[in-house]
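Next come the chains, spelled out residue by residue.
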Amino acid sequence: MSSAMAPVKPSSTAGPKEVELILVKEQNGVQFTSSALVSPSGQTHPSGEERETWGKKIDFLLSVIGFAVDLANVWRFPYLCYKNGGGAFLVPYLFFMVIAGMPLFSMELALGQYNREGAAGVWKICPIFKGVGFTVILISLYVGFYYNVIIAWALFYLFSSFSGELPWIHCNNTWNSPNCSDLNSTLLNDTYKTTPALEYFERGVLHLHESSGIDDLGLPRWQLTSCLAVVIVVLYFSLWKGVKTSGKVWIEAATQICFSLGVGFGVLIAFSSYNKFSNNCYRDAIITSSINSLTSFFSGFVIFSFLGYMSHKHNVALDKVATDGPGLVFIIYPEAIATLPGSSVWAVIFFIMLLTLGIDSAMGGMESVITGLTDEFKFLHKHRELFTLFIVVFTFLISLICVTNGGIYVFTLLDHFAAGTSILFGVLIEAIGISWFYGVDRFSDDIQEMIGQRPGLYWRLCWKFVSPCFLLFMVVVSFATFNPPKYGSYYFPTWATMVGWCLSISSMIMVPLYAFYKFCSLPGSFCDVSISYFKILYQDESSQVTFISAVLLQIVTKQLHSKKE
């Protein structure tokens, strides 16, 4: 059997080029490869329709900034600063921002803008890495399961703030325990005393006292379920039409960079895929990452003043009031606001701010899932509204687990495992796929085609060497320094930790699974691959990806031959 295929000449038309690996089987049974650069005609969607773009440039910038500047800036960054030496934490934070945050941020923006596809579809440039697209889509989906619950809590607090007296000021409420001590008391250095704000959150809102642990969740609370339903409805009507309408110190600094900037969630790729082809994505990356960091610094200044005030007021050490996660936003902040004149007004303003921060980020995460899947599976694009409805309803049903009596335990488990090591792993694979398989030179050519100039030496070195090495180190360290999750004094049982790891691995495993599928789908067998790959690919300087892929195939072939012998 003999077959031949004429090479496709690269088109000079401005637009994304897809690298196609063509296998040609000769009579002697040896498979050869050649590569072709295919330029799609026009800026069209895979379904054949013209791809929509942002109505105005400012729409894109505000959407990306809205996603990047989220609740992590308000509660996670200040706490990490305090826990890891205050100003000393800024050294690794700024260092990682320069060598990894900004380069990877700009890489994702350029990748999405050039290829005009979602998180999975962009990997047409190197199909063997498409699994990482599904990895980031799953991470965004998992984060949505609990992130929407935070917005529901903020909405619940907002409704509670419309009262003459805030409900977390005194201990004379039905949910309070005998250990509750009013805000005016200075006896909180007593281990057994609790504040009205703490009891309002854990007993009045969550009803945590009615659960003994993660194995005793109970039924969803109807008040929180109603708030969650409102959030889901708002998200649906914001997304259904598309973008037209919408050491340990070091590992924590690295994770904060990825989580806060939004690298590795597929959101930046999804948003930038709707940009005009000639948009200056470099400028957008610098503007957005700078605003994000400045917002984090400003939040830190404000929060430390709150924490210092509460520490002095209750006559306790600062570490007794400094806390991470929802405790900072729904306990410490409300307690401090309650001491201000006109506290109800300030509470309303504060929780409206939380809602806007949360909704923007939640929209970005869901857009990543929707765009990534509709671009990959063409039939979904024709039914975007129904598919969006399916995603938000599915998210709502899973999120109901987090609004039960013991829902905070599920929330903590998801927060610990959904986007920790897995997001570092996903960004690592992205960096390797772009820099070493697709090639930094080719990627730089793509950027030059869009904005008229090639990236500087700093960007190319970070993409090819600095960022991948840094991310690889961070992934190894994150595994080596793993700490089991806990909520307050409650330690999760072993089975719960195992479930969390299964959740984390379920997204990461998409990379090797899809790569294995891609190898198995090639015509012929691995044993048919010979050294002829190298001869024909070495002459094809335009395709670094095919060369490296052939090297990998050759290694696999040698291993298979050695086993047979």
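Definitions and cut-offs
Residues numbered from 1 in each chain as written. Predicted model: local features only at pLDDT ≥ 70, side-chain atom pairs only at ≥ 80, totals over all residues. Heavy atoms only, no water. Helix = DSSP H or I, 4+ residues; strand = E, 2+ residues; numbered from the N terminus. Buried < 20%, exposed > 50% of the residue type's maximum accessible area, 1.4 Å probe, protein only. Areas by Shrake-Rupley, 256 points an atom, 1.4 Å probe, with all protein chains shown as cover. Phe/Tyr/Trp six-rings, centres within 6.5 Å; stacked < 30°, edge-to-face > 60°. Lys NZ or Arg CZ within 6 Å of the ring centre and 35° of its normal. Core = buried A, V, L, I, M, F, W, Y, C linked by side-chain atoms within 4.5 Å. Contact = heavy atoms within 4.5 Å. UniProt positions renumbered as here; feature names shortened; annotations may be inferred. 1 Å grid on protein atoms, 1.4 Å probe; cavity = no way out; pocket = protein on both sides within 12 Å on 5 of 7 lines; lining within 4 Å. Axes fitted to C-alpha atoms, helices over the stretch in contact; angles between N-to-C directions. Parallel < 35°, antiparallel > 145°, perpendicular 65-115°, else oblique. Polar contact = N/O pair within 3.5 Å; in protein donor to acceptor, adjacent residues only side chain to side chain. Points joined across faces, edges and corners; volume = space filled by probe spheres on them. Nonpolar A, V, L, I, M, F, W, Y, C, P; charged D, E, K, R; others polar. Disulfide = S-S within 2.5 Å. Salt bridge = Lys/Arg side-chain N within 4 Å of Asp/Glu carboxyl O. Left-handed = near helix turned anticlockwise from the far one by under 90°. Expected span 1.5 Å × (residues − 1). Patch = residues over 30% accessible without salt bridge, like charges linked within 9 Å, V, L, I, M, F, W, Y side chains within 5 Å.

### Observations regarding the overall build of the protein
Next up, step 1: Counting secondary structure elements, the protein contains 21 helices and 4 strands.
Next up, step 2: Looking at the protein residue by residue over its 565 residues, the buried ones come to 58%.
Next up, step 3: Per element, the accessible surface of the protein, about 23,700 Å² overall, is 65% carbon and sulfur.

### Structural notes on the packing of aromatic side chains
Next up, step 1: Scanning all chains against the criterion turns up 47 aromatic pairs.
Next up, step 2: With 5.8 Å between their ring centres and 50° between their planes, Phe77 and Phe297 make a pair best called tilted. Assigned by exposure class, Phe77 and Phe297 land together as buried.
Next up, step 3: Ring geometry for Tyr142 versus Phe145: centroids 6.1 Å apart, planes at 40°, classification tilted. Here Phe145 and Tyr142 lie together in helix H4 (residues 130–161), a separation of 3 residues that amounts to about one turn.
Next up, step 4: Counting every residue linked through ring pairs, the aromatic cluster contains Tyr146, Trp153, Tyr157, Trp168, Trp175, Tyr200, Phe201, Phe330, Tyr333, Phe350, Phe351 and Phe411.
Next up, step 5: The ring of Trp436 has Lys464 sitting right over it, with the charged end atom 4.9 Å from the ring centre.

### Structural notes on the nonpolar core
Next up, step 1: By size, the foremost hydrophobic cluster in this structure holds 165 residues, and its most contacted members are Trp153, Trp168, Phe330, Phe351 and Phe443.
Next up, step 2: Top element by residues in this core is H4. It accounts for 22 residues.
Next up, step 3: Apart from the residues within four sequence positions on either side, Phe443 is in contact with Met107, Ala110, Leu111, Ile434, Tyr438 and Trp463.

### Things to note about the UniProt feature "binding site: Na(+)" (unreviewed entry) in the protein
Next up, step 1: Taking the UniProt record as the reference, the feature "binding site: Na(+)" (unreviewed entry) is found at Gly66, Ala68, Val69, Asn73, Ser260, Asn292, Leu357, Asp360 and Ser361. Restricting the annotated residues to those that line the largest cavity leaves Ala68, Ser260 and Ser361.
Next up, step 2: Apart from residues lying up to four places away in sequence, Ala68 is in contact with Asn73, Ser260, Leu261, Thr288 and Asn292.
Next up, step 3: Structurally, Val69 is set in the loop between helix H1 (57–68) and helix H2 (71–83).
Next up, step 4: With residues near it in sequence (within four places) discarded, Val69 still touches Ile291, Asn292, Thr295, Leu357 and Ser361.

### Side note on the packing of helix H16 (residues 421–451) against helix H18 (residues 494–508)
Next up, step 1: H18 packs onto H16 with a crossing angle of 10° between their chain directions and a minimal axis gap of 9 Å. With respect to each other, H16 and H18 are oriented roughly parallel. Facing H16, whose interface residues are Thr421, Ser422 and Phe425, H18 presents Ser504, Ser507 and Met508.

### A look at the side chain of Asn73
Next up, step 1: When you line up the elements, Asn73 lands in helix H2.
Next up, step 2: Reaching out from Asn73, the side chain makes a polar contact with the side chain of Asn292 at a distance of 3.2 Å.
Next up, step 3: Those residues within four positions of Asn73 in sequence are excluded, and the remaining contacts are Ala68, Pro78, Ser260, Asn292, Thr295, Ser296 and Ser299.

### Here we look at empty space enclosed by the protein
Next up, step 1: Of the voids in this model, the largest cavity is the one considered here, and its volume is about 220 Å³.
Next up, step 2: Along the wall of the largest cavity there are 21 residues; nearest its centre are Phe67, Val143, Tyr147, Ser361 and Gly365.
Next up, step 3: Of all the secondary structure elements, the ones that give two or more residues to the lining of the largest cavity are H1, H4, helix H7 (248–261), helix H12 (343–376) and helix H14 (384–399).
Next up, step 4: For the lining of the largest cavity, a count of residues per class yields 12 nonpolar, 8 polar and 1 charged.

### Digging into the state of the cysteines
Next up, step 1: Using the criterion set out here, one finds 1 disulfide in the structure.
Next up, step 2: Residue pairing for Cys171: its cysteine sulfur links by disulfide to Cys180, the two sulfurs lying 2.0 Å apart. Taking the sign of the S-S torsion, about -70° here, the bridge from Cys171 to Cys180 comes out left-handed.
Next up, step 3: Judged by its relative accessible area of 21%, Cys171 falls in the partly exposed class.

### Considering the pattern of salt bridges
Next up, step 1: One pass over the structure, following the stated rule, counts 7 salt bridges.
Next up, step 2: Put simply, Glu376 and Lys130 hold a salt bridge, and the shortest N to O gap is 3.1 Å. Both residues of the pair, Glu376 and Lys130, belong to the buried class.

### Concerning the packing of H4 against helix H19 (residues 510–520)
Next up, step 1: Interaxial distance between H4 and H19 falls to 7 Å at its minimum, and their mutual angle equals 145°. The chirality of how H4 crosses H19 is right-handed. Between H4 and H19, the contacting residues are Lys130, Gly131, Val132, Phe134, Thr135 and Leu138 on the first element and Met510, Val511 and Tyr514 on the second.

### Notes on unusual backbone geometry
Glycine aside, residues mostly have negative phi angles, and peptide bonds mostly take the trans form.
Next up, step 1: Not every positive phi belongs to a glycine, and Arg116 is a case in point at roughly 55°.
Next up, step 2: Located in the positive-phi region is His207, a residue other than glycine, with phi close to 60°.
Next up, step 3: Position of His207 relative to the elements: it lies in the loop between helix H5 (196–205) and helix H6 (222–239).

### Thoughts on H2
Next up, step 1: For H2, built from 13 residues, the straight-helix expectation of 18 Å at 1.5 Å per residue is met to within 8% by its first-to-last C-alpha distance of 18 Å.
Next up, step 2: Within H2, 10 of the 13 residues are buried, which leaves it mostly tucked inside the rest of the structure.
Next up, step 3: Those residues of H2 that sit buried are Leu71, Ala72, Asn73, Val74, Trp75, Phe77, Pro78, Tyr79, Leu80 and Cys81.

### Here we look at a nonpolar patch on the surface
Next up, step 1: Residues Trp436, Leu457, Leu461, Phe465 and Val466 make up a contiguous nonpolar surface patch of roughly 430 Å² in combined accessible area.
Next up, step 2: By residue number, the principal contributor to the nonpolar patch is helix H17 (residues 457–480), which donates 4 residues.

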